[in-house]
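A structural walkthrough
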Amino acid sequence: MKRVLVLGATSAIAEATARLHALRGGALFLVARNPARLKAVADDLAVRGAGRVEAFVADLNDLSHHAELLAAAETALGGPPDVALLAYGSLGTAVVLDRDPDAAVDVLNTNLVSPVALLTLVAARLEKVGRGTIVGISSVAGDRGRGGNAVYGASKAGFTAFLSGLRARLWRGGVHVLTVKPGQVDTPMTAHMTKSRLFATPGLVARGILAAVDRQADVVYLPWFWRPILAAVRALPERIFKQLRI
Amino acid sequence: MERGQRRLESWGRQVAAETEVRDLHWREADPFAGLTGSALPYGLGRSYGDSCLNQGGALLTTRGLDRFASFDAEAGVLRCEAGVSLEELIELTLPRGWFPRVVPGTKLVTVGGAVANDVHGKNHHRAGSFGCHVRALELVRSDGSRRVCSREQHPELFAATVGGLGLTGVVTWVELQLRQVEGPYLAAETVALRDLDHYFQLSVESDARFEYTVAWVDCFARGRRVGRGILHRANHSDRPEVHPGPARGRRSVPFDLPAATLNRLTVSAFNLAYHRRHRRRAPRLEHLDRFFFPLDGVAHWNRIYGKRGLLQLQCVVPPEAAPEAVRELLERVARSGQGSFLAVLKSFGDVPSPGLLSFPRKGVTLALDFAHRGERTVELLRELYAVARQAGGAFYPAKDAVMSVEDFEASFPHLAEFERHLDPGCSSSFWRRVRAGRPWQPSLPLIPSPENTP
Ligand SMILES: Cc1cc2nc3c(=O)[nH]c(=O)nc-3n(C[C@H](O)[C@H](O)[C@H](O)COP(=O)(O)OP(=O)(O)OC[C@H]3O[C@@H](n4cnc5c(N)ncnc54)[C@H](O)[C@@H]3O)c2cc1C
Ligand SMILES: NC(=O)c1ccc[n+]([C@@H]2O[C@H](COP(=O)([O-])OP(=O)(O)OC[C@H]3O[C@@H](n4cnc5c(N)ncnc54)[C@H](OP(=O)(O)O)[C@@H]3O)[C@@H](O)[C@H]2O)c1
């Protein structure tokens, strides 16, 4: 039975991924901050066939919970996780972020500070046993900072860089790190956006994540077509890029 | 749970302009928070007319409420959120030996939609309507109240919500009693029907011996041949699954076909071929997907009707009036030359439906659909409505685009009682159409209930 730790289990992408693990009979330890939502997700996964489901309520921006929740996860799962999926994140509201430094710091805390702190502890536990996969959900937005949402882009760029460094540090010791870069996904995070054809469903992204874990990929763009799009975006000279209203 | 711009249509391809769309994701959240105008839940949009649309107001999409809450595989009791589709439900329960007691002709409907239209299946003569097997549901109203409704708790609100067309509030979860099955197969037979008398005679005999019965009739047959068609009948088979996993892929109609492709000739040819193919068929094992959901194999099949879409009509006429009325309806369709792709005939039994606005009731039901060819199609429909009403018939809101205020009132004798339970924050394009000039006052005070759900 695969042991799976889900950090930010009420995220739509995390939930879709957890459903696939449940179908495979995995044991799941779920962490999220909203108790009613977390219970709804946990009950569903149990009905769908998860071998075991435990739920833990915590605001992950409160770093003081981190050590405790990882210890609880190991106890409940009967060992360190085979897969640790970090999915929580916050998009913020661009117009607010442009003016309000506190809002900007909030986004950085949620997308970068807290994940770095938490994964540092996860890494230490996995290193000890010399196996396991850390999956971090970053974003294509981290590949280049856009005028449309500079703070979010910066937080994800930082997270991407952290994951890549973590991978380089851990792989020799048998611990694998996967960076997931979704494009646009139809989830509550993007509810306010008009949905173009480029939008993917959480289910599609979840299947991509599982496949990437299975084949031990390092970095995966989901869906795949974002890789060439972002290659082109990165290749644009800054002089031109700054003129684009994106 | 936010707003966004999207165009949602009904299965008959009607579109309501200026609708705000809000996706619901969490059953604990208030679906109405911050809304100023009227709102209507929207499931999978498999209703044909405008009963799932709300022009100028908001649509609350429920597909994000797709979680299971509990499943007792001993008793066959399932509790799930209202946006779970019957397809997802069956995928979960069938391998464990359970199946919904009642399914409509497509599994691409939500549980909430099935409740709100109190849908019926091919076994109405045995099982009654979908609502008969709903043990409880949670209803959230625009005043922020939340109630668990069942036959014991808030029974009036339960009766108003089953078949309540989404007008009594948002159903967040439903608890269903399922039925046990041995596997995914049916022992099915098809019998050729010579004419309408043959149908009436065979249907009595078949209903006694078979759990599922339904007839497809040729709408171009005239005179003595009216009612020519085929009768499908089946019982669950005890044969277990042979090839596990989905048997077939899904085809799709990728674009709008012009209405001209659906002329009289193609429809006749289809009906004839269908009739031939099924004339002599020995009993056989049929996968339940094929038997119950034959059209689900072709995604977006409604597109073959072209951009203008299709108009449906489904009525039920009392048993005594049925032979004459059904003949008259079929004759008129044949004479008009505006053939219906699907003409479905089924006898409803006398299991009472639980909803104040439930459509199923004892009698014979006929469902027809027509490519929308503008005013002449609407006129034909009005003519057919008049015939059915004359015979004491009632009409199905899920399959209606032209029902008048009077037709609606004649169809639902408990309408006044139902209106007492309307949520003032809910409305639909359909509701405003069939209640035009009949302003209502909610006579029940809306008080937030202290109760909360487990
Ligand atoms: C091919 C085909 C075959 C069909 N066969 C049959 C049949 O055999 N028998 C039959 O009875 N019907 C049949 N139908 C009609 C269909 O079963 C109903 O229209 C069904 O209600 C559609 O469900 P939906 O999830 O698409 O709901 P929608 O069409 O989106 O909505 C239907 C109604 O339910 C309300 N609603 C949806 N969710 C909720 C909720 N959570 N809370 C409160 N209200 C809600 C909506 O407001 C609306 O009034 C068929 C339709 C098709 C396309
Ligand atoms: N959707 C996209 O287009 C897209 C694209 C690229 C990358 N991503 C990334 O994918 C990940 C998942 O997002 P999603 O699309 O699935 O959105 P989502 O459904 O809105 O999920 C975001 C989740 O983060 C949780 N969260 C936020 N702050 C938290 C905190 N302090 N402690 C605990 N949980 C917290 C939220 O919990 P609550 O429910 O309690 O608020 C919510 O469950 C995010 O990292 C996002 O940046 C998304």
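Just so it is clear, the model here is predicted, and its values are computed rather than measured.

Some words on the environment of A:Arg144
Residue and element names in this part refer to chain A.
- Topologically, Arg144 is positioned in the loop between β5 (133-137) and α6 (150-170).
- Along the primary structure Arg144 and Arg48 are separated by 96 residues, whereas in three dimensions their C-alpha atoms are 39 Å apart.
- In this structure Arg144 touches Val233, Arg234, Leu236, Pro237, Glu238 and Phe241, once residues within four positions along its chain are discounted.
- Here Val233 takes part through its backbone oxygen, which lies 2.7 Å from a polar atom of the side chain of Arg144.
- Side chain to side chain, Arg144 and Glu238 meet in a polar contact 2.5 Å long.

Notes on the interface of chain B and chain A
- Taken residue by residue, the interface counts 18 residues in chain B and 17 residues in chain A.
- When chain B packs against chain A, the two sides together hide about 1,500 Å² of surface, and 55% of this comes from carbon and sulfur.
- If you sort the residues of chain B by the area they bury against chain A, B:Trp26, B:Arg67 and B:Phe68 come out on top, with a joint share of 35%.
- Seen at the junction of chain B and chain A, the total is three salt bridges.

Digging into the site of ligand 2
Residue and element names in this part refer to chain A.
- In the region of ligand 2, 27 residues are neighbours, and Thr10, Ala12, Tyr152, Val185 and Thr187 sit closest.
- Between ligand 2 and Arg33 there is a distance of 2.9 Å, counted from an oxygen atom to a side-chain nitrogen or oxygen.
- Taking 890 Å² as the accessible area of ligand 2 by itself, protein coverage stands at 91%.
- Taken together, the elements giving at least two residues each to the shell around ligand 2 come down to α1 (12-23) and α6.
- Along the lines of polarity and charge, the residues of the shell around ligand 2 split into 11 nonpolar, 12 polar and four charged.

As for the nonpolar core
All names here are of chain B.
- One finds Leu345, Leu368, Leu384, Phe408, Phe418 and Trp431 to be the most contacted residues of the largest nonpolar core, which totals 60 residues.
- The biggest single contributor to this core is helix α9 (residues 375-390), with seven residues.
- Membership of the second largest hydrophobic core comes to 49 residues, among which are Val174, Leu178, Tyr212 and Phe359.

Observations concerning the site of ligand 1
Residues and elements named next belong to chain B.
- Around ligand 1, the structure places 34 residues, and the nearest of them are Pro41, Arg46, Ser47, Thr110 and Tyr396.
- The backbone of Gly43 places a nitrogen or oxygen atom 2.8 Å from an oxygen atom of ligand 1.
- Gly113 is positioned with one of its backbone polar atoms (N or O) 2.9 Å from an oxygen atom of ligand 1.
- Here ligand 1 loses 96% of its free accessible area of 970 Å² to cover by the protein chains.
- Listing elements by their share of the shell around ligand 1, those giving two or more residues are β3 (39-42), α2 (111-116) and β10 (170-180).
- Partitioning the shell around ligand 1 into residue classes produces 18 nonpolar, 14 polar and two charged.

Remarks on helix α7 (residues 202-214) of chain A
Residue and element names in this part refer to chain A.
- Across its 13 residues, α7 extends 18 Å between first and last C-alpha, which sits within 8% of the 18 Å expected from 1.5 Å per residue.
- Listing the buried residues of α7 in full gives Pro202, Val205, Ala206, Gly208, Ile209, Leu210, Ala212 and Val213.
- Considering only its buried residues, α7 is in contact with α1, β4 (83-86), β5, β6 (176-182) and β7 (219-222).
- Note on α7: the residue one or two positions beyond its end, Gln216, has a positive phi of about 55°.

A closer look at the sheet that holds β7(A)
Residue and element names in this part refer to chain A.
- Strand order across the open sheet formed by seven strands is β3-β2-β1-β4-β5-β6-β7, with parallel pairing between neighbours. Looking at the sheet topology across the chains shown, the edges are occupied by β3 (52-57) and β7. Across this sheet, the average inter-strand angle for adjacent strands is 15°, counted without regard to direction.
- Against the sheet, helix α5 (residues 101-129) makes contact with β1 (3-7), β4 and β5, and its axis sits at roughly 170° relative to β5, the strand it touches most.

Focus: the packing of α5(A) against α6(A)
Residues and elements named next belong to chain A.
- Between α5 and α6, the least distance of the axes is 9 Å, while the angle of their chain directions is 10°. On the basis of their axis angle, the class for α5 and α6 is roughly parallel. Packed against α5, whose contacting residues are Ala104, Val107, Leu108, Asn111, Leu112, Pro115, Val116, Leu119, Thr120, Ala123 and Glu127, the element α6 presents Val151, Tyr152, Ser155, Lys156, Gly158, Phe159, Phe162, Leu163, Leu166, Arg169 and Leu170 at the interface.
- When its residues are assigned to classes, the contact of α5 with α6 shows 15 nonpolar, four polar and three charged.

A word on the pattern of salt bridges
Residue and element names in this part refer to chain B.
- All chains considered together, the criterion is met by 43 salt bridges over all chains.
- When the shortest N-O distance is used, the salt bridge between Arg7 and Glu9 registers 3.4 Å.
- Where Arg327 meets Asp197, a salt bridge forms, and the shortest distance between an N and an O atom there is 3.6 Å. Residue Arg327 is located in helix α8 (residues 322-336), and its partner Asp197 is located in helix α5 (residues 196-209); the two are separated by 130 residues in the primary sequence.

Quick notes on the packing of aromatic side chains
All names here are of chain B.
- Under the definition given, this model contains 16 aromatic pairs over all chains.
- A ring pair is formed by Phe408 and Phe412, whose centres lie 5.3 Å apart and whose planes are at 55°; its orientation type is tilted.
- The exposure class of Phe408 is buried, given its relative accessible area of 0%.
- Of the residues examined, Phe412 reaches a relative accessible area of 2% and is grouped as buried.
- Seen in terms of ring centroids, Phe418 and Trp431 are 5.9 Å apart; in terms of plane orientation they differ by 65°. Their pairing is edge-to-face.

Criteria and cut-off values
Residues numbered from 1 in each chain as written. Chains lettered and ligands numbered in written order. Predicted model: local features only at pLDDT ≥ 70, side-chain atom pairs only at ≥ 80, totals over all residues. Heavy atoms only, no water. Helix = DSSP H or I, 4+ residues; strand = E, 2+ residues; numbered from the N terminus. Contact = heavy atoms within 4.5 Å. Polar contact = N/O pair within 3.5 Å; in protein donor to acceptor, adjacent residues only side chain to side chain. Buried area = accessible area lost by both parts, 1.4 Å probe. Salt bridge = Lys/Arg side-chain N within 4 Å of Asp/Glu carboxyl O. Near = heavy atom within 4 Å. Areas by Shrake-Rupley, 256 points an atom, 1.4 Å probe, with all protein chains shown as cover. Nonpolar A, V, L, I, M, F, W, Y, C, P; charged D, E, K, R; others polar. Core = buried A, V, L, I, M, F, W, Y, C linked by side-chain atoms within 4.5 Å. Buried < 20%, exposed > 50% of the residue type's maximum accessible area, 1.4 Å probe, protein only. Expected span 1.5 Å × (residues − 1). Pairing = 2+ DSSP bridges. Axes fitted to C-alpha atoms, helices over the stretch in contact; angles between N-to-C directions. Parallel < 35°, antiparallel > 145°, perpendicular 65-115°, else oblique. Phe/Tyr/Trp six-rings, centres within 6.5 Å; stacked < 30°, edge-to-face > 60°.

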